[in-house]
Amino acid sequence: MSKVSFFFLPINSITAAKKAVIVMLYFVHCTIAQANVSVNIRIDQPQHHYAQITIKFDKFNRQKTNFYLPTWRTGRYEIINLANGIREFSAMDESGNTLKWKKIDKDTWQVQDTLDKKVEISYQVYANQLGQRTRHIDDSHAFIDASTVVMYNDSTRYQKHHISLNVPASWRSVSGLELGTEPHQFIAKNYDVLADSPIETGINEHYKFSVDSLNYELVIWGKGNYDSAKMVADLTMLVQQSKHIWQGYPFERYVFMVHATSGARGATEHLNSTIIQRSRFQFSSRKDYLGFISTAAHEFIHTWNVKQYRPKGLVPYDYQQENYSTLLWVSEGSTSYLQNQLLLRGDLMSSEEFLESLAKWITGYIHKPGRQSQTVAEASFDKWLEEGGDYDKNHSVNIYSEGFLVSWLLDFSIIEKTNLEKSYRDVHNILYQNHKIPKSFDEADLVAILKQMTGDDYQYWWQENVHGYAKVDFDQLLAKAGLTMFYGDKENSKQQAWTGLKTKLSPNGLQVTTVEKNSPAWQAGFMVDDIIVAVNGLRMVDKNLSKRLTNFQPKDQLRLTYFRRDELDTRRIVLGTIPEAKLKVIPLEQVSKNQKAFFKQWTGIDFPSPNQ
């Protein structure tokens, strides 16, 4: 029983030679005598979102030295304009002499005359990007993702970094970084550790707890309707469940950071911490709280999956350009797949909630036409191009939902082929044991692991489901675990009229935001941004189209009047049909012992009663 107590290199035009230098530095840095980098972050005008950054470097062995701010941050596979908040850059040597500099691209500052000199650079950062979880400063706190605040240099990237903060006296600073000798001081083994260990400093709630000699912290910024004691108790239970997937822990201390905000929401995993943002009044209801604890489970899993083992192409990180891989679906989709299993095992989610969540994943897949246009491998590689919106929905999949599906298929295949002895969880433990950074893994490694585990060659399976369009018979899949799915009542699944349009309220009517591919609206020729103003000649007064459609039946023909390019027009549409009720996944009434055993190997809990 667990013992619990409370209390880069810059690469603008990459070549093979340059990439080789990155890898060489990454692998040999630990054998080189390490100098130190000193970073001071001064926040004395928080109301204006300013921070003053001063970084001191030991002597350089080059005449010109480049300093870089990354173009993206870990956990978000997207190029971001981070350097647009940098002003008042300056540089000087150890004697106080000003050094000339110039900016040579959007995120590179080149300082002249640095040979055999210690160099100090200084600049102002504007930090007002709360929702991006990059940098945010106001009169109550600062959230600092160092990769968006602290510049680095290729020759000092693997040196130890000492960080000190000058902040208002009432503030408390918390981070997963090694603690310094004084408050507001931290130490990072190198820049990569610093870039992946955010700092939360300000007026906050702070809790500590320990499990099995490991230390955990919860820091909460912002007021809201959360129950801090419940959060601590549930996080204590959550962190004990990782043993069902991995053998061992990659940390001695872990920090959960929570922002209760006025609208910003989302989460990002880090090396031994996570930042979770939720609207301040979305904690108390069961639905909202389940959203919070599910997010915490997702990000905690990332402590192993991504932070300890990463696909080839992301090791080491190249902070100045895209890092491509066809396996980001393993990093994100598999994490989404495994998160609820941790919650089930910790009794933090009921079996009914688990099946309800599963039904939502299935529904999303069914209404994602892009599953026939993009594979999960392609979605992984093109994650850096993802924009969302109508075209994305109709012609793309995402690494989360499609990755969830492929992980599910793979899990059931392993369970079946090993006679309930192994599962997809074992794959992730092998990755953790054998492919820890600085190693990485590729598709061949995964296929080899699957063959070793099951005795079967997964080459064809991989080509069909990862590089092909995965085809799923959900009835057959669910039946393996003694489950079934249906809409509404099993005996009477009612249907309702459907257009395939999604709209939002605009000042002039209902603005079309999505036209589902091959839907009635698609066939009728409706477009995104059309403004619907009337149905059958009567002005549209409802705030959403679905409410108006309750007056009609499937196969009815309607006249929708709309504005396009400010011109009034009318089109006819023959209504389609979709189930009126939400999809449900429930236990079968007649279940075999094998199905019950399959369910338990899959979820870790006993098969639920069909009458629950």
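Our subject is the structure listed above.
The sections below set out a description of the structure shown in this document. (Residues numbered from 1 in each chain as written. Predicted model: local features only at pLDDT ≥ 70, side-chain atom pairs only at ≥ 80, totals over all residues. Heavy atoms only, no water.)

On to the overall build of the chain, then. When you go through the chain residue by residue, the secondary structure sums to 16 helices and 31 strands. The C-alpha atoms of the chain give a radius of gyration of 27 Å, which matches the 25 Å a tight globule of 612 residues would have. With the C-alpha coordinates of the chain rotated into their principal frame, the extents come out at 85 × 65 × 50 Å. Burial status across the chain gives 55% buried among its 612 residues. Surface accessibility of the chain: about 27,200 Å² in total, with carbon and sulfur atoms responsible for 48%. For the chain, the separation between the mean place of its 70 positive charges and that of its 68 negative charges on side chains is 1 Å. (Helix = DSSP H or I, 4+ residues; strand = E, 2+ residues; numbered from the N terminus. Rg over C-alpha atoms; globule rule 2.2 N^0.38 Å. Buried < 20%, exposed > 50% of the residue type's maximum accessible area, 1.4 Å probe, protein only. Areas by Shrake-Rupley, 256 points an atom, 1.4 Å probe, with all protein chains shown as cover. Lys, Arg positive; Asp, Glu negative; His and termini not counted. Charge placed at Lys NZ, Arg CZ, Asp CG, Glu CD.)

The three strands are arranged β4-β7-β6 in an open sheet whose pairing can be described as antiparallel. The sheet is open, and its two borders are formed by β4 (65-68) and β6 (101-105), each paired with just one other strand. Taken over all neighbouring pairs, the strand axes of this sheet differ in orientation by 30 degrees on average, direction set aside. As defined by bridge partners, β4 adjoins strand β7 (residues 108-111) across four bridges and the pair is classed as antiparallel. Bridging from a neighbouring strand, Tyr-68 pairs with Thr-108 of β7. (Pairing = 2+ DSSP bridges. Axes fitted to C-alpha atoms, helices over the stretch in contact; angles between N-to-C directions.)

What follows concerns the sheet that holds strand β8 (residues 119-126). Pairing is mixed across the open sheet formed by seven strands, whose spatial order is β5-β8-β3-β2-β12-β15-β14. The sheet is open, and its two borders are formed by β5 (86-93) and β14 (178-179), each paired with just one other strand. As paired elements, strand β12 (residues 160-166) and strand β15 (residues 185-188) share four bridges and run antiparallel to each other. For His-161, the partnering residue across the bridge sits in β15 and is Ala-188.

Below, the discussion takes up the pattern of salt bridges. Evaluation of the coordinates by the stated rule reveals 18 salt bridges. For Asp-113, the salt bridge is made with Lys-117, and the minimal N-O distance between the two is 2.7 Å. Here Lys-480 makes a salt bridge to Glu-416, at a shortest N to O gap of 3.0 Å. Remark: Glu-416 occurs in helix α9 (residues 401-417) and Lys-480 occurs in helix α13 (residues 474-480); sequence separation between them is 64 residues. Judged by its relative accessible area of 25%, Lys-480 is partly exposed. The partly exposed category is assigned to Glu-416, whose relative accessible area is 45%. Taken together, the shared-partner salt bridges in this structure form one network comprising Asp-93, Asp-113 and Lys-117. (Salt bridge = Lys/Arg side-chain N within 4 Å of Asp/Glu carboxyl O.)

Of the consecutive residues Val-315 and Pro-316, the connecting peptide bond is found in the cis state with omega at -10 degrees. For Pro-316, the location among the structural elements is in the loop between α4 (286-301) and α5 (328-345). Geometrically, the link from Ile-437 to Pro-438 is a cis peptide bond, its omega value of 20 degrees lying close to zero. A positive phi is found at Arg-133, a non-glycine position, where the angle reads about 55 degrees. The backbone of Asp-212 sits at a positive phi, close to 50 degrees, despite the residue not being glycine. With respect to the helices and strands, the residue Asp-212 is situated in the loop between β17 (205-211) and β18 (214-221).

Another aspect to go through is the side chain of His-49. Inspection of the secondary structure puts His-49 in the loop between β2 (36-42) and β3 (50-57). Overall, His-49 belongs to the buried group, its relative accessible area being 18%. Within the local environment of His-49, its side chain forms a polar contact with the backbone oxygen of Ile-137, the two atoms lying 2.5 Å apart. Residues within four places of His-49 in sequence aside, it is in contact with Val-125, Tyr-126, Ala-127, Asn-128, Ile-137 and Asp-138. (Polar contact = N/O pair within 3.5 Å; in protein donor to acceptor, adjacent residues only side chain to side chain. Contact = heavy atoms within 4.5 Å.)

Here we take up the nonpolar core. Ile-121, Trp-408 and Trp-602 are the most contacted members of the largest nonpolar core, which has 143 residues in total. Sort the elements by how many residues they give to this core and α9 lands first, with nine residues. The contact partners of Ile-121, leaving out residues within four places of it in the chain, are Ile-53, Thr-54, Ile-55, Phe-57, Phe-67, Phe-89, Ser-90, Ala-91, Val-111 and Met-151. In this structure, Val-515, Phe-552, Leu-558 and Ile-573 belong to the second largest nonpolar core, which totals 19 residues. (Core = buried A, V, L, I, M, F, W, Y, C linked by side-chain atoms within 4.5 Å.)

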